[in-house]
Every structure is written in structure tokens, then in C-alpha cells.
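The chain contents come next:
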Amino acid sequence: MSLPAVAAGALIGLGLIAVASELFPGPPRLDDALARLDGVRRPGPVGRLTLLMARFPVPRDDLALLGISVERFTLQRVAFLLFGLLLPLPLSLVCAAVGLPLPWPVPTGAGLLTGVLFALVPDYAARSQARERRQEFRAALATYLDMVALERAAGAGPPQALQAPAEVCTGWVFGRIAQVLDHARRAGEQPWRGLALLGEQVGIPELSELADIAEDAGTEGVQVLSTLLAKAQSMRTTALTDARARANSRTSEMPVAIGISVFGFLVLVCFPAVYRIMS
């Protein structure tokens, strides 16, 4: 019996079972009835799978920086996991259609492997995007420090010095800072508390250091101005060093890529001649 026939029979059987369960429902489960009385709805299979995936470590700092909720990230994990589990099925159906059926452990093992690998795709994408976002955040934060220092040199107080640059500048970094400062103002809190909390959420300690500097601005006076300028210069130097390191690493990877390309070209050119000699 071919694999397509088995798959079709299994789908028909599942459909008949679903119809029978709807026409002749069984007695309600006691835990389900108690959950309905308590106003709690039991999750379905996908919901239980989502809750199971949520138990695995979640990069909360990266998600907070990207503006992605944990629930959405967990659903992405589940979607990629299901896609990976079902990915070998079309290949097995094609092999069965051409007369080369695969043993059931092969597509099952391949599905488990691809499911695990695809479930890691959202983690890799979130960490990669967050790494780039942090670089952009630090570059914009250095400019923000300079503008805060200029506001302090003009005689503005710490809250005004923190708020004015965020209102003038554009970009997602200044938008996040302005949102945090506005929320702190509406809540009646000091603005540096919101900056410190934002730095902890997105994993950027430089923002928390800025909050500490702003908190001490009332007693430090002119020394705060020099501290802000020195911090901005230090962040620029660190960003320049990181950029040079990335450029050097990519330059060192170029010979490897060129070598692989040349090897593939040689294999493509020499394969017909070698095939004729061997045959």
C-alpha cells in the first residue's frame, strides 16, 4: 500500500472521528466543568503547545528593545516548530509517488530535527536584530549625551536637559526616550528613573549610567558637564573600535568565501569530464 493511500485513509478516519464526536458528544469532564464554573477556559492543543514553548528561555531584553511581546514571540516559535515538523511530509509523498517510499522513521526523524532547528529561528532573528538595534541605540545615545550637555551648559535643569533633545530629534531611539520621559512626567516621577528602567529593560547599561549622572546633577554642578562630554566621547571611541573589529573580521572571511566559490566553479567545470572517465 502506497504512502498517499495511507495518508488519505488516515485523514478520512480523522474526519469521521471528528464528525462522530460532534454528533454524539461524550459526558463532560469534571475538570472542564469546574474550569467553566471558575471562568477559566482550558486551552486547546495549540494553546497547550504555546504554554509549553513559553517555558523555554525567552530573550526578554532583546524583545523589549525590538518592541515584540513575549506572547507574539512564543507564537512565532510554535509556528516555526509546526512548519519544521511538517516540512519532510511533501518530500516523503513525492518519493512514494515515484515508487521510492521512505521508511517511516526517516521522515519522522527528519521532521523532529527540522522542527527543533526551525524553532530556534525566532531566537536567532531576535538576537541578531537586537544586536544591530543596540549599536544604533548607542550611536544615537552619544549624540543625545552631547545635546544634554549643551542644555546643561545653557543653564537648563536636569529634567529640562533630558527632555529637550528627545523632543527635537527624530528617530526610533529618541522616540523611545521621549516616550519614557513623558510617561515619567505624567506619573509624577523623576525622569532619570524612567531612563534607568529603560536601560535595564533593553540591556543598555550606558542609559542607566546617564540616569545616575542626571540624578547627581543637582550637586555636581560643572563636573556633570565634563562627565557627560567624556561619556559621549568614550561611547564614540567604543563604537569606532567595534566597527573596525567587524570590518577586520569580514575582511578575513573574504578569502574563505572566494576559495569556496573557486572550488565550486572547478567542480562544476571538471564534473562532466570526470563523469565520462569514470563511466
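Section: the overall build of the chain
Working step 1: Scanning the chain from N- to C-terminus turns up 14 helices and 0 strands.
Working step 2: Along the chain, helices and strands appear, N-terminal first, in the series α-α-α-α-α-α-α-α-α-α-α-α-α-α.
Working step 3: Burial statistics for the chain: of 279 residues in total, 27% are counted as buried.
Working step 4: Sequence separation of at least 24 residues holds for 64% of the intrachain contacts in the chain that already meet a minimum separation of 6.
Working step 5: For the chain, the exposed area adds up to about 18,700 Å²; of that, 67% sits on carbon and sulfur atoms.

Examining a nonpolar patch on the surface
Working step 1: The grouping of M254, I258, V262, F265, L266, L268 and V269 at the surface amounts to a nonpolar patch, some 710 Å² of accessible area in total.
Working step 2: When you line up the elements, F265 lands in helix α14 (residues 222–278).
Working step 3: Classification of F265 as exposed rests on a relative accessible area of 53%.

A word on the environment of T227
Working step 1: Inspection of the secondary structure puts T227 in helix α14.
Working step 2: Judged by relative accessible area, T227 falls into the partly exposed class, the value being 32%.
Working step 3: Separated by 14 residues in the primary sequence, T227 and I213 have C-alpha atoms spaced 7.9 Å apart.

Section: the packing of helix α5 (residues 70–86) against helix α6 (residues 88–97)
Working step 1: Where α5 contacts α6, the two axes come as close as 5 Å, and the packing angle between them is 15°. Here α5 is positioned roughly parallel relative to α6, judged by the angle of their axes. Across from G84, L85 and L86 in α5, the residues of α6 making contact are P88, L89 and P90.
Working step 2: Taken together, the residues that form the contact of α5 with α6 break down as 5 nonpolar, 1 polar and no charged.

Considering the pattern of salt bridges
Working step 1: In total, this model carries 8 salt bridges according to the counting rule given.
Working step 2: A salt bridge links D123 to R77; the shortest N-O distance between them is 2.6 Å. Of this pair, D123 sits in helix α8 (residues 121–153) while R77 sits in helix α5, placing them 46 residues apart in sequence. A single burial state applies to D123 and to R77, both of which are buried.
Working step 3: For E206, the salt bridge goes to R138, with nearest N and O atoms at 3.2 Å.

With respect to the nonpolar core
Working step 1: Counting residues in hydrophobic clusters, the biggest one holds 34 residues, and the most contacted among them are F137 and Y144.
Working step 2: Of all the elements in the fold, those that place two or more residues in this core are α8, α9 (158–168), α10 (172–187), α11 (191–202), α12 (205–215) and α14.
Working step 3: At 9 residues, α8 tops the list of elements feeding residues into this core.
Working step 4: Apart from residues no more than four positions distant in its own chain, Y144 is found in contact with L162, P165, A166, F174, I177, L181 and L210.
Working step 5: Judged by nonpolar contacts, the second largest core, of 6 residues, contains V58, L63, F73 and A126.

Some thoughts on the packing of aromatic side chains
Working step 1: Enumeration according to the criterion identifies 3 aromatic pairs in this entry.
Working step 2: Relative to F118, the ring of F83 lies with its centre 5.3 Å away and its plane at 65°, an arrangement referred to as edge-to-face. Note that F83 is positioned in helix α5 and F118 in helix α7 (residues 105–119), a separation of 35 residues in sequence.
Working step 3: For F118, a relative accessible area of 23% translates into the label partly exposed.
Working step 4: Centroid distance F137 to W172: 5.8 Å. Interplanar angle 70°. Geometry classified as edge-to-face. Placement of the pair is F137 in helix α8 and W172 in helix α10, with a sequence separation of 35 residues.
Working step 5: A relative accessible area of 1% means that F137 is categorised as buried.
Working step 6: Across from the ring centre of W172, 4.3 Å away, lies the NZ or CZ of R133, which sits over that ring.

Considering the environment of Q160
Working step 1: Relative to the helices and strands, Q160 resides in helix α9.
Working step 2: A relative accessible area of 47% places Q160 in the partly exposed class.
Working step 3: Taking the C-alpha atoms as reference, Q160 lies 8.9 Å from V148; in sequence the two are 12 residues apart.

The rules behind the values
- Residues numbered from 1 in each chain as written.
- Predicted model: local features only at pLDDT ≥ 70, side-chain atom pairs only at ≥ 80, totals over all residues.
- Heavy atoms only, no water.
- Helix = DSSP H or I, 4+ residues; strand = E, 2+ residues; numbered from the N terminus.
- Buried < 20%, exposed > 50% of the residue type's maximum accessible area, 1.4 Å probe, protein only.
- Contact = heavy atoms within 4.5 Å.
- Areas by Shrake-Rupley, 256 points an atom, 1.4 Å probe, with all protein chains shown as cover.
- Patch = residues over 30% accessible without salt bridge, like charges linked within 9 Å, V, L, I, M, F, W, Y side chains within 5 Å.
- Salt bridge = Lys/Arg side-chain N within 4 Å of Asp/Glu carboxyl O.
- Axes fitted to C-alpha atoms, helices over the stretch in contact; angles between N-to-C directions.
- Parallel < 35°, antiparallel > 145°, perpendicular 65-115°, else oblique.
- Nonpolar A, V, L, I, M, F, W, Y, C, P; charged D, E, K, R; others polar.
- Core = buried A, V, L, I, M, F, W, Y, C linked by side-chain atoms within 4.5 Å.
- Phe/Tyr/Trp six-rings, centres within 6.5 Å; stacked < 30°, edge-to-face > 60°.
- Lys NZ or Arg CZ within 6 Å of the ring centre and 35° of its normal.

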